[in-house]
Structure formats: C-alpha cells, structure tokens
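# Overview (structure and organization)
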Amino acid sequence: ARSTITCIYYFLPLLLTWNAGPIGRQPLQMPSEESTLGDAARAAQRLGVQGVHQLVDSICGRHGLSPKQQRHRLIEQWLLGTTAMPPQAPPVLVEAEAARLVRLSSSHFQLDEVKFRGQLEDVAPKVGFAIGQLFHLVPAQHACLERLICLARPRHQRNEADLPKDLREDVNTRCVMLLRRIFTNKTGGPYDMKCRAFYVLFRIASSEDIKEAYRNNIDELCDIWKFYAYMDSFQKLGVPQDFNRFVRCSKDGLVRSLWRSHQVDPNMVQLIAALCLDFGVHDSRIWASILSCLQRLQKLDFLRDVLVAVHMDLVLSLPHDPSLVAIMGELFSAPLGVLENWHQRRQEETSRMVAWLPILPRLLRQSPFVASINVPSLACRLLAAACELPAGLSQEARTQLMLTMFPQKNDADLWCGDLQEARKPQLTRDLGGFSTASSDEQRDTATNVELFMQRLAVLALEVALCCPNRTQVHDLVQKEIAEQRPQLIIILIPYCGMGPRIILFEGILQHQLVVQAKALLNKDIFEEFVNYSVATGNIEQLLEAALLHNQLLDARWLLLQYAQHHQLASIEQLVASPKLPAGCSSHEEPETTRLLVALVRLQTSAATMDAYAMLSAHLCGPAGA
C-alpha cells in the first residue's frame, strides 16, 4: 500500500499535465496491459488533487494506515531532494516521466530558475533577487517541487468539523509542518531543503495563512528565506559561511572580499551581483566591474535581469562614476551591434542580446546616466535597422530574430514596450496599401516585413524620446524620420507627444501623404492633423483628397472650419469666384491669398474640376445657406 501511495503521488504531476483528450468517468488506476497512460491521465484530471487525496484515504483505510502520516512521510522525504522513481512503478509511467524531464530540459522551456506564481508574486520583491536567480533548478528538481506542491495541498477545509488533531490536514496543519522543517537545526543542515520548504509553503498557502501559522511578521520570514538561499548557494559553490556571521556582517565588506577572491568564477560573480542587489551595495566601481565581468563571461540572460533589477531601485542611489557610466553606455549599445549584424551573429551566444532591446527605453528612462549616453545615436541606428534590416534577411533569419527579440510571453513583459503594448491593435492591423504582393505567400511575407519594421521603428522612437534634450529629439524626428524616412511618418505619429507629432504632421504635408494618413490614422489623430492644417493654412492637400474622392461634405466642413479659424468674411464667395491677385505668393501672403491659390488650382485641374463645381453649388446653394 505504501508503494502504491508513493507511486500515485510521484507521477501525479505527470498525469495532471498529460494531454489525454476528453475526460471520462473511469476510475484512476496505474497503467497496465489493460489500461493506457491516457486512461490514467484522464482519470487523474477528472479527480484533481483533492480527488486523489480521497483515493489515498480509502487505500489507507483498507490497510490500517494514517493518510496524514503517509503524506507527511513523503513530504519530508521529497523535501530532502530528488529521489529515484518508485521501484515497482509501471514501465509506461517511467518512460513518460523520463520523456517529460527531457522536454523540460529543452530550449523551449525556460526553467533555469524558479518562476514566481500565485502567492509568490506578492512576496517575491521581499525575498529578493536571490530566490529568482540563485535557486537554480534542473528538470528533476523542478519535477520534485511539482510533486511536493500537489502532495502538500491541504486535504481539509480550515477548521473542518469533527476532525481530531491527529487526522486534520488543513492549511494551518500544512503550514506548521513545513515551518517546523524549515526551522529544524536553524543554524546548520541542508539549506536546499529549507528553501524547498519555503517555496512549497508560499505556493499552497496565502500570506494570511502563513502569518497565522508563523505567529510573527511575514517580512521576517521572507528575510530568513533570503538568507537561507544565500547559505545554500555558498555551500554549493564551496564557499561555506557561518549563518549568524553572514546575517550580521557588513555586506559591502563581504562583497569586496568575495570579489577579490572569486571574480574569475562565473557562478560566484553571479552570486556577488545578487548580493549587491539584495543588500543594497552602493559601490559604483564594484558595480562597474561586476557588469563588465558578466558581459565578458557571456552571462547575458542573467546580466539583462541584473540591469532591470538595478534600474528598478538601486541605480538612483549609486554615486556617479566614469567607469559605471562607460559600462552602462556599452551595455545599452551592444544589442544594437548584434541586431545590425544578425545575419552573421544569429547562431552565436551573443544573439540573445537582441532580447534586451525592448527593455532599453525603460532602462534609459530610469537611468541617471542618460545625459552621458548618446541616446540619439542609439535611436538612429534602430531607425536604420527598421528600414534596412527586415527586407535584407531571409524569412528564416527574420522569423528567428522576431521570436528572439519579441517573444510572445516572457518575464520582462512589464518592462517591454509601453507604447507598443498600449497600441498593439495598431501594430497588428491589416497593412492595406503598404503591401503590394501578388500572392498569398508573398503577401504574408510582405506583411511580416512591414510589421517587423513597425515594431523596430516604434522602439527607435521610444528610445529617442528618452533623450533629456528636447531640441535633439525634435531634430532627430525632423531629419531622420520626417525628411529621410517618410515611410515611417504615419506609423510613428500615434506614439508621439505634441512636439514631435507636429513635426510629423508637417512631414505628411511635405511628402503628400494625406490620403494614406486618412486611411491609416485613427479618427482622433487625423482630426488633430486636420486642425493643425487649418491652423497653419495648409488645407490644399486635404481639400484635394476630399474632392478626388467626391467627399463634398468633408470638403465643405473643411472650408467652413478654415473660414471660422481665420475669420474670413465670405467663404462662399471665395469658392464661387476664386481670383488670384497679381504677384501674390501662397507661402508669404495672408491666409485668404493662400486659400485662393489652392482654390484656383483645384477649380482648373482636370482631376478635381467637376467635384469643385459640385462643391461650389453645394456650398453656395440652398444646402450651403
């Protein structure tokens, strides 16, 4: 019976996550010649964890065993670490579990560290950087945690009636049991076991439940978890520490001592970086050395997470130091070098640096060193990449770049692309006139190129707007976008503030993009453009577009708005008999003359002549009255 119970709980995560198709009503039984893995998975998924607990209760009842003792026995056994598969486990389950571990270790599953879920999301900031980055898991350890979480789920509701204490397995009982394991032999023992117990505790119970069982401040419990995590890391790296001394020592002094002795050890460098974050080490030169060393050691994913963590809190309290400013500027620029040479570097380890680019705007906005970084240069390089890179890559290389740079879901979502996230529907809309492909496949390829260009261009604008010098921002928008890259004007207008937006409005007029603007901009932004054109006296293109599409009501409204804004006495008379005074210039003369220049051209143009006559009749006739 004990072996059966062990086998049930050992393979429960496998069965609960197995894709077994529709759930039937068959009872749970271990796979054999008469049953399949799918049958067992469907039954386990129908029962759920509570149903499996009930099944184990019935097995224990038939064999005179205590269900609570059996579950606690397994919890204590598995808290010590990964264990071998049950000796009498069905071969089909053994093979399926082995395949699952292989799948967990593949590149498609990012399980290098514990990801906070459920109640852990609330305590993660209090626990610190150590738990998320130093509590590394191989697939077998991850699977062990899954078993523990299923096994430790409370069997009974809180204070369930008529249950004696020796049978009760509510959330308080589980919390007390796990806390006792955590604080057994407080200053020594297996710290990895204590960390596993902490993780399970915060997965199965709320902060309120834990506080009630602990009978003390939960922040204190989080601090203890953080210290245990570091003690575990020190032990694994062969740098043993005394717990009490570690708790009381100056972390600045400890970091300097560790750095002098272990700066060539990649794992110790990561541990030192985490120590600096979690205990607020404000030595800028140490930070510059750590960041430079992580880059040299190619610990790029870890380095990205460190940069994010530093800019969330610590960076504002770091003293200004040239070496730190220099490495920050180098780290902000390095992903662009990888992007620009993607066709050469996409198979290298450094290719992962392009995943940093979506977080670059937030890092720049948080950085006190931004005035010392050439932000316009970064933005110009991104704009150049947006216009040149997508079309120059093969479809395979472009797809790989997009998936690396803009993954569908990752732990940096909160830091990625404020502007892009806010306007995601615009970035994924039908591109309409932008695509000129002649077949479905070509159209898909063109759409992908345009979409990727849009995302890079928006990212470039986000970076540019981080520049503290507004004059430089406006110059960049004017020269690099409005003048040199008109294909980006309409894409970027929704993401601009008023200053850059006015520059791009001028770009629409300069490059005669009114028709595209009306088709692709949303109603509110296009109305802003119309109001700007009216205020500056540049309505000729808008009026022409309305006449070409026989939109007489729009043309009439535009003229009336122009007359009202510029206080023209009789717009009807001007439209009916537009006469241009001799020697006038539409660029220098007052608004009336500028309007007359436009009206004369539209009245005499073969393309708009008929529509203009209808507009004049509509404006001056009974409807106009």
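Figured I'd write up the structure that's included with this text. (Residues numbered from 1 in each chain as written. Predicted model: local features only at pLDDT ≥ 70, side-chain atom pairs only at ≥ 80, totals over all residues. Heavy atoms only, no water.)

## What to know about the overall build of the protein
A tally of helices and strands in the protein yields 35 helices and 0 strands. In the protein, which comprises 625 residues, the share counted as buried stands at 51%. Look at the contacts in the protein between residues 6 or more apart in sequence, and 69% of them connect residues 24 or more apart. If you sum the accessible surface of the protein, you get close to 29200 Å²; carbon and sulfur atoms cover 50% of it. (Helix = DSSP H or I, 4+ residues; strand = E, 2+ residues; numbered from the N terminus. Buried < 20%, exposed > 50% of the residue type's maximum accessible area, 1.4 Å probe, protein only. Contact = heavy atoms within 4.5 Å. Areas by Shrake-Rupley, 256 points an atom, 1.4 Å probe, with all protein chains shown as cover.)

## Remarks on the nonpolar core
Residues W287, L291, L339, I508 and L559 are the most contacted members of the largest nonpolar core, which totals 199 residues. Residue contacts for I508: discarding those within four places in its chain leaves I489, I493, L513, V514, A517, L521, F529 and Q541. (Core = buried A, V, L, I, M, F, W, Y, C linked by side-chain atoms within 4.5 Å.)

## A short note on the packing of aromatic side chains
The description of an aromatic ring pair rests on the distance of the ring centres and on the angle between the ring planes. Under the counting rule described, the total for this entry stands at 19 aromatic pairs. On the numbers, 6.1 Å between centres and 50° between planes, the contact of F198 with Y228 is tilted. With a gap of 30 residues between them, F198 in helix α10 (residues 191-204) and Y228 in helix α12 (residues 218-236) connect regions that are remote in the sequence. Ring centres of Y228 and F243 lie 5.5 Å apart, and the angle between their planes is 50°; this geometry places the pair in the tilted category. With a gap of 15 residues between them, Y228 in helix α12 and F243 in helix α13 (residues 243-248) connect regions that are remote in the sequence. In terms of burial, Y228 and F243 fall into one category: buried. (Phe/Tyr/Trp six-rings, centres within 6.5 Å; stacked < 30°, edge-to-face > 60°.)

## Side note on helix α32 (residues 552-566)
Look at α32: 21 Å from first C-alpha to last across 15 residues, which is about the 21 Å you get at 1.5 Å a residue. Of the positions making up α32, those classed as buried are L552, A555, L558, L559, Y562, A563 and H566. Looking straight down α32, one finds that the buried residues subtend no more than 130° of arc, so they occupy a single side. Of the exposed residues in α32, the ones pointing more than 90 degrees away from its buried face are L553 and Q564. (Expected span 1.5 Å × (residues − 1). Arc of directions from axis to C-beta.)

## Here's the deal with helix α31 (residues 540-548)
Residues separated by three or four positions in an α-helix point in the same direction, a consequence of the helix having 3.6 residues per turn. Those residues of α31 not exposed but buried are Q541, L542, L543, A545, A546 and L547. N550, located one to two residues past α31, shows a positive phi value of around 55°.

## Considering the pattern of salt bridges
Evaluated as defined, the whole model comprises 20 salt bridges. One salt bridge in this structure joins E97 and R147, with 3.0 Å as the shortest N-O distance. Of the two residues, E97 is situated in helix α5 (residues 91-104) and R147 in helix α8 (residues 139-152); the sequence distance between them amounts to 50 residues. One exposure class covers both E97 and R147, and it is buried. D283 is the salt-bridge partner of R256, the closest N and O atoms lying 3.3 Å from each other. Residue R256 is located in helix α14 (residues 251-262), and its partner D283 is located in the loop between α15 (266-278) and α16 (284-296); the two are separated by 27 residues in the primary sequence. On the basis of relative accessible area, R256 is assigned to the partly exposed category, the value being 34%. Put simply, D57, R71, R155, E169 and R174 are held in one network by salt bridges that share partners. (Salt bridge = Lys/Arg side-chain N within 4 Å of Asp/Glu carboxyl O.)

## Concerning the packing of α31 against α32
Two elements in contact, α31 and α32, have axes whose closest approach is 8 Å; the angle formed by their N-to-C orientations is 155°. In terms of orientation, α31 lies roughly antiparallel with respect to α32. For the crossing formed where α31 meets α32, the hand is left-handed. On the side of α31, the interface is formed by L542, L543, A546 and L547, while α32 contributes L552, D554, A555, L558 and L559. (Axes fitted to C-alpha atoms, helices over the stretch in contact; angles between N-to-C directions. Parallel < 35°, antiparallel > 145°, perpendicular 65-115°, else oblique. Left-handed = near helix turned anticlockwise from the far one by under 90°.)

## Let's talk about the environment of P13
Along the chain, the position of P13 falls in helix α2 (residues 12-17). Given the relative accessible area of 4%, P13 is considered buried. C-alpha of P13 to C-alpha of L148: the two residues are 135 residues apart in sequence and 9.6 Å apart in space. In contact with P13, other than residues within four places in its own chain, are R100, E146, R147 and C150.

## So, unusual backbone geometry
With a phi close to 60°, R215 is a non-glycine residue in the positive phi region. Its place among the elements puts R215 in the loop between α11 (207-214) and α12. In this model, N550 sits at a positive phi of 55°, which is unusual for a non-glycine residue. On the secondary structure map, N550 appears in the loop between α31 and α32. Given the relative accessible area of 45%, N550 is considered partly exposed.

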